[in-house]
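Spelled out, the chains give:
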Amino acid sequence: MRLNQIIWLNASDMMKREVELKVVNLKKYFPVQKSFLERLFSKKIEYVQAVNEISFQVKKGEVFSLVGESGCGKTTTGRLIVRLIDPTGGKIFFKGKDVTSLKGESLREFRKYAQIIFQNPYASLNPKMRIGEAMGDPLEIHGIATGEKKKKIVFEMLEKVGLEPAKKFYGVYPFELSGGQRQRIAIGRAMILNPELVVADEPISMIDVSLRAKILELMLTLKDEKNLTYIFITHDLAVAKYISDWIGIMYLGEIVEIGRKEQIFSTPLHPYTKALLSAIPVPNPKRKREDIQLKGEVPSSINPPSGCKFHPRCNFAMEKCRSSKPPLQLLEKDHQVACHLF
Ligand code: SF4
């Protein structure tokens, strides 16, 4: 257990803000589904190691982005945090309370405070439900409002997420809306219970480029108004730069670097972070930048590489990297990295 990696975060400026979310050695393994014949000839159960003992914490009102290629475990981490799936190991603390094993009524109560915005606005809304019903449903489920009171709250939220006149949008079906409008609905539905923690899983990746900035601005406005804490999940470091206070870089289920946004962009440490940064397009073609090409594909998370999981793709890999896993260690204030180079 690497408790040291969260203690330093506690010590930095916890005096100013309370810790909203703390994740300690969080782990999620999924058993691999096998065919009948495979099960007949092999009794061995294999697991996809989606999230492997990650630890971090987020203070109230801050945005912590989890960034990495697809399959790195960031979406699974988001789902674990809002308790849509159960962890294989580790702990999740919300406002100091252990919410890892909540069940039944306590879990339902927790969900009032912790909501998720899904990536796909086309799949996250029930096509048979009118927008007003879809947005108002959580209010009824949690016993907050019904009838006219519910309608009033939904109208207010529709206006807040920029869908005006609210009356027009209340009665329409999702298929009548554009991708951007649907994602506004999804954001409104997540916000309608007045949550304190919101996990946003790639909320702009399926929206037209022209609308992305507007959705991010909307999310930031709502965050400031309600003093929300965001876990923002993205594969795009440029988006993370826009919205985050902190960035955690994930690779094959592990966090390999955590720092304040400024540190990740001005002094990236991990070779994987540097490679991700070098992939961001530069608007000025004359501006020179280090071009780091990653070798090969992301390895399987069923049989991940030994030692540092990044070693088969790393240009700096040493003998030690193949056998020994580098711990996440604090290199400078607020900046941690897991790499034998340091
Ligand atoms: Fe590369 Fe070794 Fe650092 Fe891993 S530990 S990132 S293989 S140098």
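What counts and how
- Residues numbered from 1 in each chain as written.
- Predicted model: local features only at pLDDT ≥ 70, side-chain atom pairs only at ≥ 80, totals over all residues.
- Heavy atoms only, no water.
- Near = heavy atom within 4 Å.
- Nonpolar A, V, L, I, M, F, W, Y, C, P; charged D, E, K, R; others polar.
- Domains from an automatic or database assignment.
- Contact = heavy atoms within 4.5 Å.
- Buried area = accessible area lost by both parts, 1.4 Å probe.
- Polar contact = N/O pair within 3.5 Å; in protein donor to acceptor, adjacent residues only side chain to side chain.
- Helix = DSSP H or I, 4+ residues; strand = E, 2+ residues; numbered from the N terminus.
- Core = buried A, V, L, I, M, F, W, Y, C linked by side-chain atoms within 4.5 Å.
- Buried < 20%, exposed > 50% of the residue type's maximum accessible area, 1.4 Å probe, protein only.
- Phe/Tyr/Trp six-rings, centres within 6.5 Å; stacked < 30°, edge-to-face > 60°.
- Lys NZ or Arg CZ within 6 Å of the ring centre and 35° of its normal.

Near the ligand you find 13 residues, and of these Cys308, Cys314, Cys321, Cys339 and His340 are the closest. Along the lines of polarity and charge, the residues of the shell around the ligand split into 10 nonpolar, 3 polar and no charged.

Attention shifts here to the domain arrangement of the chain. Assigned domains of the chain: these are domain 1 (18-34 + 46-113 + 195-337) and domain 2 (125-194). Computed over C-alpha atoms only, the centres of domain 1 and domain 2 are separated by 29 Å. Contacts between the two partners involve 18 residues from domain 1, matched on the other side by 15 residues from domain 2. For domain 1, the biggest contributors to the area lost against domain 2 are Lys112, Pro195 and Leu218; these three give 33% of the whole. The interface formed by domain 1 and domain 2 includes 4 residue pairs in polar contact (both at pLDDT 80 or more). At the level of secondary structure, the elements contributing two or more residues to the side of domain 1 that touches domain 2 comprise α4 (104-113) and α9 (209-226). When residues of the side of domain 1 that touches domain 2 are assigned to their parent elements, the largest contribution, 8 residues, is made by α9. When the residues that make up the side of domain 1 that touches domain 2 are grouped by side-chain class, the tally is 11 nonpolar, no polar and 7 charged.

Time to look at the nonpolar core. Ranked by internal contacts, the top residues of the largest apolar core, which has 37 residues, are Ile131, Leu158, Ile185, Ile187, Met191, Tyr230 and Phe232. Residue assignment for this core shows that the elements contributing at least two residues are α5 (131-141), α6 (147-160), α7 (166-170), α8 (179-191), β7 (197-201), α9, β8 (229-234) and α10 (237-243). The biggest single contributor to this core is α9, with 5 residues. The residue makeup of this core includes at least three contributed by each of domain 1 (18-34 + 46-113 + 195-337) and domain 2 (125-194). Every residue in contact with Ile131, bar those within four places of it in the chain, is listed here: Leu125, Leu158, Phe169, Tyr170, Val172, Tyr173, Pro174, Leu177 and Ile185. Judged by nonpolar contacts, the second largest core, of 32 residues, contains Leu21, Phe94, Leu197 and Met250.

We now examine the packing of aromatic side chains. Per the stated rule, a full pass over the model turns up 9 aromatic pairs. Between the aromatic rings of Phe94 and Phe110, the centroid separation amounts to 5.5 Å while the plane-to-plane angle is 75°, which identifies the pairing as edge-to-face. Of the two residues, Phe94 is situated in strand β4 (residues 89-94) and Phe110 in helix α4; the sequence distance between them amounts to 16 residues. A centroid spacing of 5.2 Å and a plane angle of 55° characterise the contact between Phe155 and Tyr170, whose relative ring orientation is tilted. One end of the pair, Phe155, is in helix α6; the other, Tyr170, is in helix α7, with 15 residues separating them in the sequence. Residue classification places Phe155 among the partly exposed residues on the basis of a relative accessible area of 23%. Among the aromatic residues, ring-to-ring pairing joins Phe94, Phe110 and Tyr113 into one connected group. Here the basic side chain of Lys27 rests over the ring of Tyr29, its NZ or CZ set 4.9 Å away from the ring centre.

Okay, the side chain of Lys309 next. For Lys309, the position within the fold is in the loop between α12 (271-278) and α13 (319-323). Lys309 sits in the buried class, given a relative accessible area of 7%. At 3.1 Å, the side chain of Lys309 forms a polar contact with the backbone oxygen of Leu252.

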